[in-house]
Amino acid sequence: MNTLFGKAKEEAKPITPKSVDEYPEAPVSLGITLVNFTGDWRTFMPVIDESKCVKCYICWKYCPEPAIYIKEDGFVAIDYDYCKGCGICANECPTKAITMVREEK
Amino acid sequence: MEYNPIKKVVSGNYAAAYAALHARVQVVAAYPITPQTSIIEKIAEFIANGEADIQYIPVESEHSAMAACIGASATGARVFTATSAQGLALMHEMLHWAAGSRLPIVMVNVNRAMAPPWSVWDDQTDSLSQRDTGWMQFYAENNQEVYDGVLMAYKVAETVNIPTMIIESAFILSHTYEVVNMIPQELVDEFLPPRKPLYTLTDFENPIAVGALATPADYYEFRYKIAKAHEEAKKVIKSVGKEFGERFGRDYSKMIETGYIEDADFVFMGMGSLMGTVKEAVDLLRKEGYKVGYAKVRWFRPFPKEELLEIAESVKGIAVLDRNFSFGQEGILFTEAKGALYNTGVRPIMKDYIVGLGGRDFTVRDVKAIAEDMKKVVESGKLDKEIEWYHLKR
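Conventions adopted
- Residues numbered from 1 in each chain as written.
- Chains lettered and ligands numbered in written order.
- Predicted model: local features only at pLDDT ≥ 70, side-chain atom pairs only at ≥ 80, totals over all residues.
- Heavy atoms only, no water.
- Helix = DSSP H or I, 4+ residues; strand = E, 2+ residues; numbered from the N terminus.
- Rg over C-alpha atoms; globule rule 2.2 N^0.38 Å.
- Buried < 20%, exposed > 50% of the residue type's maximum accessible area, 1.4 Å probe, protein only.
- Contact = heavy atoms within 4.5 Å.
- Areas by Shrake-Rupley, 256 points an atom, 1.4 Å probe, with all protein chains shown as cover.
- Lys, Arg positive; Asp, Glu negative; His and termini not counted.
- Charge placed at Lys NZ, Arg CZ, Asp CG, Glu CD.
- Axes fitted to C-alpha atoms, helices over the stretch in contact; angles between N-to-C directions.
- Parallel < 35°, antiparallel > 145°, perpendicular 65-115°, else oblique.
- Left-handed = near helix turned anticlockwise from the far one by under 90°.
- Pairing = 2+ DSSP bridges.
- Phe/Tyr/Trp six-rings, centres within 6.5 Å; stacked < 30°, edge-to-face > 60°.
- Lys NZ or Arg CZ within 6 Å of the ring centre and 35° of its normal.
- Core = buried A, V, L, I, M, F, W, Y, C linked by side-chain atoms within 4.5 Å.
- Right-handed = clockwise from strand over helix to strand, strands pointing away.
- UniProt positions renumbered as here; feature names shortened; annotations may be inferred.

## Describing the overall build of chain B
Looking only at helices and strands, chain B has 12 helices and 15 strands in total. Its C-alpha atoms give chain B a radius of gyration of 21 Å, within 12% of the compact-globule value 21 Å for 394 residues. Taken along the three principal axes of its C-alpha coordinates, chain B extends 70 × 55 × 45 Å. Buried positions account for 58% of the 394 residues belonging to chain B. Put simply, 81% of the contacts in chain B that link residues at least 6 apart link residues at least 24 apart. Working note: accessible area of chain B is about 16,600 Å², and carbon and sulfur atoms make up 53% of it. Each charge class in chain B can be summarised by its mean position, and for the 43 positive and 53 negative side chains these summaries are 4 Å apart.

## Remarks on the packing of helix H6 (residues 143-160) of chain B against helix H8 (residues 219-248) of chain B
Residue and element names in this part refer to chain B. Packing of H6 against H8 leaves a shortest axis separation of 9 Å and a crossing angle of 135°. The angle between H6 and H8 falls in the class oblique. Helix-helix and strand crossings are classified by hand; for H6 and H8 the assignment is right-handed. Listed contacts from H8 to Asp 148, Leu 151, Met 152, Lys 155, Val 156, Thr 159 and Val 160 of H6 are Ala 229, Glu 232, Ala 233, Val 236, Ile 237, Val 240, Gly 241, Glu 243 and Phe 244.

## Structural notes on the sheet that holds strand E3 (residues 55-58) of chain B
Two modes of strand pairing occur in sheets, parallel and antiparallel, and in both the strands are linked by backbone hydrogen bonds. All names here are of chain B. Spatially, seven strands are ordered E3-E2-E4-E5-E7-E6-E12 in an open sheet, and the strand pairing comes out mixed. Pairing within the sheet leaves two strands with one partner each, and these edge strands are E3 and strand E12 (299-301). For this sheet, the mean inter-axis angle between neighbouring strands, taken without regard to orientation, is 20°. Alignment of strand E6 (residues 136-139) against strand E7 (residues 164-169), held across four bridges, turns out to be parallel. Bridge pairing links Met 136 to Thr 164 in E7. Strands in contact with helix H2 (residues 38-48) are strand E2 (27-30), E3, strand E4 (79-84), strand E5 (106-111) and E7; relative to E4, the strand with the most contacts, it is inclined by about 145°.

## Topic: the packing of aromatic side chains
For the structure shown, the criterion picks out 18 aromatic pairs over all chains. Judged by centre distance (5.8 Å) and plane angle (55°), the ring pair of Phe 325 of chain B and Phe 327 of chain B falls under tilted. Of the residues examined, Phe 325 of chain B reaches a relative accessible area of 10% and is grouped as buried. Following the ring pairs from residue to residue traces out a cluster consisting of Tyr 3, Phe 138, Phe 191, Phe 244, Phe 248, Tyr 252 and Trp 299 of chain B. Its guanidinium or amino end placed over the ring of Phe 37 of chain A, Lys 9 of chain A lies 5.6 Å from that ring's centre, counting from NZ or CZ. Between Arg 301 of chain B and the ring centre of Phe 300 of chain B, over which it is positioned, the NZ or CZ distance is 4.9 Å.

## A short note on the nonpolar core
Residue and element names in this part refer to chain B. Among the nonpolar cores identified, the biggest contains 60 residues, and Ile 43, Phe 80, Met 136, Tyr 147, Leu 151 and Ile 183 are the most heavily contacted of them. The contacts of Ile 43, once residues within four sequence positions are left out, are Ala 17, Ala 20, Val 28, Ile 54 and Phe 80. Ala 77, Met 94, Met 165 and Ala 295 belong to the second largest nonpolar core, which has 52 residues in total.

## Quick notes on the pairing of E3 of chain B
Residue and element names in this part refer to chain B. Across four bridges, the pairing between E2 and E3 is parallel. Residue pairing across strands places Ala 29 opposite Ile 57, the latter belonging to E3. Crossover connection from E2 via H2 to parallel E3: handedness right-handed.

## Notes on the UniProt feature "binding site: [4Fe-4S] cluster 1" in chain A
All names here are of chain A. Under the local residue numbering, the UniProt record ascribes the feature "binding site: [4Fe-4S] cluster 1" to Cys 53, Cys 56, Cys 59 and Cys 93. In three dimensions, the annotated residues from a span of 41 residues occupy one location, with a maximal C-alpha spread of 10.5 Å. As for its placement among the helices and strands, Cys 56 is situated in the loop between strand E1 (44-48) and helix H2 (58-62). By relative accessible area, Cys 56 is classed as partly exposed at 35%. Its place among the elements puts Cys 59 in helix H2.

Here's what the structure looks like:
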């Protein structure tokens, strides 16, 4: 599957308590946050040019989300559902294989 | 096992330290330098002597101290700390975090005046400034109440999952030695079983995150739950206080301790060590024919509205003794008491006496002078003024 979190992401469901009694007593997490597609926040999207990529994985290491994963062929890819467009990957890439492109929504 | 008290002559600070030891606290995180008191010093001594198995974390500030307490408490440990005045103020943000995360941390705060001007003497404005953080607050009258208060605080806090502050007066309690009846370890253990945490970060089968974001869709409900827990705490405080009395002969089932209420024209109401002076003075005033009583507010949060109403129904006036002040308004207990009664329609005449700020001596003679003034107010049914800066040099 073409995503960082695979099955977990597919199965993640939002938890929406309907009454106060359904809430936990303390504000602790009840589930995972994969249902929050933070990719909506993005203004610039990173685009990878595989012809320049040397598979050093520096972008993969630096992505704070993380939203970068390594594909079976060894190249990196971005899970745009979560990438906030911070641009750190493009900034760190030693071969300038990642460019930030303004997104029209 | 029958309860035979272990009598020790200790300061209020040592009473607090012994109580933490007997409560079998597991983690103590504290800032060890001024305004820290001998509470933490004594605990460090227990650890150094091998008398206590406590993880002690000395940190670089009170803000960090409370942060470390929060982390430790979130693992399910029983946690203790202590501070005073400016140190408590520096903790402020973390106090909200502790209550919001529903962690039953117990802290002893030594009431000291806030600077400037610098002062290390008794004043309640430091702890009362933390009123809205969601912590429970217990004001001790003497060293025995410091010791008993800490032990009861753990039981109450761990039942309702709300942190609790035990508050003692600077010097008057903190550094004054008196006999404290301590409880043998075996009996403390029976009274106070190990903590059963609401959640724990060390349950690796069921991982959870704390300190997460709640959007406007969810935040509101969590606030309601804290409010509800404080309401619940009133019942727990009374039952734990009663149980403590049955086991150890010192009853704390009332959140407001009263004396001579039945036929009193008016009562003195206040908190902390100054009420010891008031009780002494009221005994004397009674012998002189004054129809006075006292109402010592032990628990300020949750506020004992219902008990206050019972008192208000039976008296014509209440002289509130505030060793604190909210600038731009009035003494803090005065505001609270008036507010609690407003919708009940029960309104004895109330006057606010600002006393003892910054450790100004407050004696039996002062109580008598205030009784004289309050008697005039009650008899005439008229307030000459609402707030009396009693000690002011004129």
